[in-house]
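# Geometric and topological summary
Here are the chains, one letter per residue:
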Amino acid sequence: MMLRKKTTPYISVVVPVYNEEESINELFDRLFGTLNSTGKSYEIIFVNDGSKDRSTQILADIFHKHKDVVRVIEFNNNYGQYIAIFAGFEHVRGQVIVTLDADLQNPPEDISKLLVKFDEGYDLVGGYREHRQDSFYRTYVSKFVNGMRDKLTGLHMRDHGCMLRAYSRNIVDQVIKTREAFTFITAMAQKFSKNPIDIPVRHSKRKRGASKYNPYKLIRIGFDLLTGFSLIPLQMFTLIGALTSLFSGTLVVYLVIRRIFIGPEVEGVFTLFALLFFMMSVLITGIGLIGEYVGRAYLSLCNHPRYVIKKIIEK
Ligand code: UDP
Ligand code: MG
């Protein structure tokens, strides 16, 4: 009996999809064209992150037309872009793994630019959005978080939010071995890379549909990034605590001496209130911060599955 050899493509493209019915067809056509022009073998893995619109049907249609190169992983629910990419990573068969958003803000054609760098010997090629076409608010908050991440985690990359990236299979294998409850893929990959490079990629406004990120999801992702990679935020808090107790200790000594020699002081009640409230808010922030770490530890201890797959459509 002859065993049929499992085909191993050279490139695997992973595309997370959440309610992108307006974009998927154009995305697929352009991606298909670009990948064919590389002359290399490839597969496209769509991860349907619990879409509630026609995306599911459209993806099934695309699969039926291109069974040789398309695979669809369907989640039972919405788990978020990073988890979707993670699931894609766990299923790739290629040697070079490319991630790309479904909304066409980054043109699929730029994949060839990533591949050129890959051939030059880099094992991680990150795109950065040269003229980012998002709202003022999104762009600047993201700049700020990028800056904080740079300082706090010591991971240097231009734009961790840009998903047009190429990874070596080796890095992807390392990423899927991690057991954190939430894996911040771009930063994690940077940590595992031996020879990374950032290159500019194009970015345009969303032509169709709206961003799938609401302010809550964005804040969550910022927290995940800052607390997922280092204990520096916690240590900074201890430092603030030490400094303020030093300061308040001195104040107590001063007040005791003053009471003995001058008498009790009654003024400045509101200053006291202000100080107290300030300290209380610092305290609550600290508790929240500890909660972030404890929650993360708890989730990974319990070994919760990151996602549940409803079905996989592949040949
Ligand atoms: N996405 C996803 N699950 C989500 C949110 C987004 O799979 O819960 C996908 C989405 O379909 C798109 C990509 O992640 O392919 C980036 O999302 P979006 O364009 O909304 O993010 P933005 O460009 O606003 O950062
Ligand atoms: Mg987008």
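This write-up is about the structure you can find in this document. (Residues numbered from 1 in each chain as written. Chains lettered and ligands numbered in written order. Predicted model: local features only at pLDDT ≥ 70, side-chain atom pairs only at ≥ 80, totals over all residues. Heavy atoms only, no water.)

## Some details on the site of ligand 1
Glu20, Asp49, Asp103, Ser211 and Lys212 are the nearest of the 18 residues found near ligand 1. At a separation of 2.8 Å, an oxygen atom of ligand 1 approaches a polar backbone atom of Ala102. Lys212 is positioned such that a nitrogen or oxygen atom in its backbone is 2.5 Å from an oxygen atom of ligand 1. Its free accessible area being 530 Å², ligand 1 has 97% of it covered by the protein chains. Among the residues forming the shell around ligand 1, the class breakdown is 5 nonpolar, 5 polar and 8 charged. (Near = heavy atom within 4 Å. Polar contact = N/O pair within 3.5 Å; in protein donor to acceptor, adjacent residues only side chain to side chain. Areas by Shrake-Rupley, 256 points an atom, 1.4 Å probe, with all protein chains shown as cover. Nonpolar A, V, L, I, M, F, W, Y, C, P; charged D, E, K, R; others polar.)

## What to know about the packing of aromatic side chains
Counted according to the given criterion, the structure contains 7 aromatic pairs. Taken together, a centroid distance of 5.3 Å and an interplanar angle of 20° make the contact between Phe28 and Phe32 stacked. Of this pair, Phe28 and Phe32 both sit in helix H1 (residues 24-38), 4 residues apart, which is roughly one turn of the helix. Exposure remark for Phe28: the relative accessible area of 3% places this residue in the buried category. Summarising the aromatic geometry, the rings of Phe75 and Tyr79 are spaced 5.3 Å apart at their centres and angled 90° between planes, so their arrangement reads as edge-to-face. In textbook terms, an aromatic cluster arises when at least three aromatic residues are bridged by ring pairs, as seen for Phe75, Tyr79 and Tyr307. In this arrangement the basic side chain of Lys143 is found over the ring face of Tyr140, its NZ or CZ atom lying 5.1 Å from the centre. Over the face of the ring belonging to Phe86 we find Arg306, whose NZ or CZ atom lies 4.0 Å from the ring centre. (Phe/Tyr/Trp six-rings, centres within 6.5 Å; stacked < 30°, edge-to-face > 60°. Helix = DSSP H or I, 4+ residues; strand = E, 2+ residues; numbered from the N terminus. Buried < 20%, exposed > 50% of the residue type's maximum accessible area, 1.4 Å probe, protein only. Lys NZ or Arg CZ within 6 Å of the ring centre and 35° of its normal.)

## Observations regarding the coordination of the magnesium ion (ligand 2)
Ideal geometry at a metal centre: 109.5 degrees between donors when four sit tetrahedrally, and 90 or 180 degrees when six sit octahedrally. Within the protein, the magnesium ion (ligand 2) binds to Asp103 (OD) and Gln105 (OE1); these donor distances fall in the range 1.8 to 2.0 Å. Judged by its relative accessible area of 6%, Asp103 is buried. The exposure class assigned to Gln105 is buried, which follows from its relative accessible area of 11%. (Donors = N, O, S within 2.8 Å, 3.2 Å for Na, K, Ca; no water.)

## Side note on the sheet that holds strand E5 (residues 124-129)
Taken in spatial order, the 8 strands make up an open sheet running E7-E5-E6-E4-E1-E2-E3-E8, and their pairing is mixed. Strand pairing shows two members of the sheet lacking a second neighbour, strand E7 (196-201) and strand E8 (309-313), which therefore form its edges. On average, adjacent strands in this sheet sit at an angle of 20° to one another, irrespective of strand direction. In this structure, E5 lies alongside E7, joined through 6 bridges in parallel fashion. Along E7, the bridge assignment pairs Gly127 with Ile199. Across the sheet, helix H3 (residues 81-91) lies against strand E1 (11-17), strand E2 (42-48), strand E3 (70-75), strand E4 (96-99), strand E6 (165-168) and E8, angled at about 130° from E3, the strand it touches most. Lying over the sheet, helix H7 (residues 185-192) contacts E5, E6 and E7, oriented at roughly 45° with respect to E6. (Pairing = 2+ DSSP bridges. Axes fitted to C-alpha atoms, helices over the stretch in contact; angles between N-to-C directions. Contact = heavy atoms within 4.5 Å.)

## A few points about the pairing of E3
Of all 6 residues making up E3, 6 are buried, and the element is well covered by its neighbours. The alternating pattern of E3 places Val70, Val72 and Glu74 and Arg71, Ile73 and Phe75 on opposite faces, both of which are buried. Where E2 lies against E3, 5 bridges are found, and the strand directions are parallel. Across the sheet, the residue bridging to Ile44 is Val70, located in E3. Handedness of the E2-helix H2 (residues 55-65)-E3 crossover: right-handed. Bridge analysis of E3 against E8 gives 4 bridges, and the strand direction is antiparallel. Within E8, the position partnered with Phe75 by the bridge is Ile309. (Right-handed = clockwise from strand over helix to strand, strands pointing away.)

## Here we look at the environment of Phe237
Relative to the assigned elements, Phe237 resides in helix H9 (residues 232-261). The spatial distance from the C-alpha of Phe237 to the C-alpha of Gly286 is 6.7 Å, given a sequence separation of 49 residues. In this structure Phe237 touches Val282, Thr285, Gly286 and Leu289, once residues within four positions along its chain are discounted.

## With respect to the pattern of salt bridges
Within this structure, the stated rule accounts for 25 salt bridges. Put simply, Arg54 and Glu21 hold a salt bridge, and the shortest N to O gap is 3.8 Å. Pair noted here: Arg54 is in the loop between E2 and H2 and Glu21 is in the loop between E1 and H1, with a separation of 33 residues, a long-range link. Given the relative accessible area of 26%, Glu21 is considered partly exposed. (Salt bridge = Lys/Arg side-chain N within 4 Å of Asp/Glu carboxyl O.)

## Some points on a nonpolar patch on the surface
On the surface, a nonpolar cluster with roughly 750 Å² of combined accessible area is contributed by Val252, Val253, Val256, Ile257, Ile260, Phe261 and Ile262. For Phe261, the location among the structural elements is in helix H9. (Patch = residues over 30% accessible without salt bridge, like charges linked within 9 Å, V, L, I, M, F, W, Y side chains within 5 Å.)

## Considering the nonpolar core
Grouped together as the largest cluster of nonpolar side chains are 35 residues, with contacts concentrated most on Val15, Leu31, Ile44, Phe46, Val70 and Val98. Secondary structure elements with two or more residues in this core: E1, H1, E2, H2, E3, E4, helix H4 (111-119) and E7. With 5 residues, the top contributor of residues to this core is H1. If sequence neighbours within four positions are ignored, Phe46 has contacts with Val15, Val17, Ile24, Leu27, Phe28, Leu59, Ile62, Val70, Arg71, Val72 and Ile73. Of all hydrophobic cores here, the second largest spans 32 residues; its members include Val47, Val175, Ile221 and Leu225. (Core = buried A, V, L, I, M, F, W, Y, C linked by side-chain atoms within 4.5 Å.)

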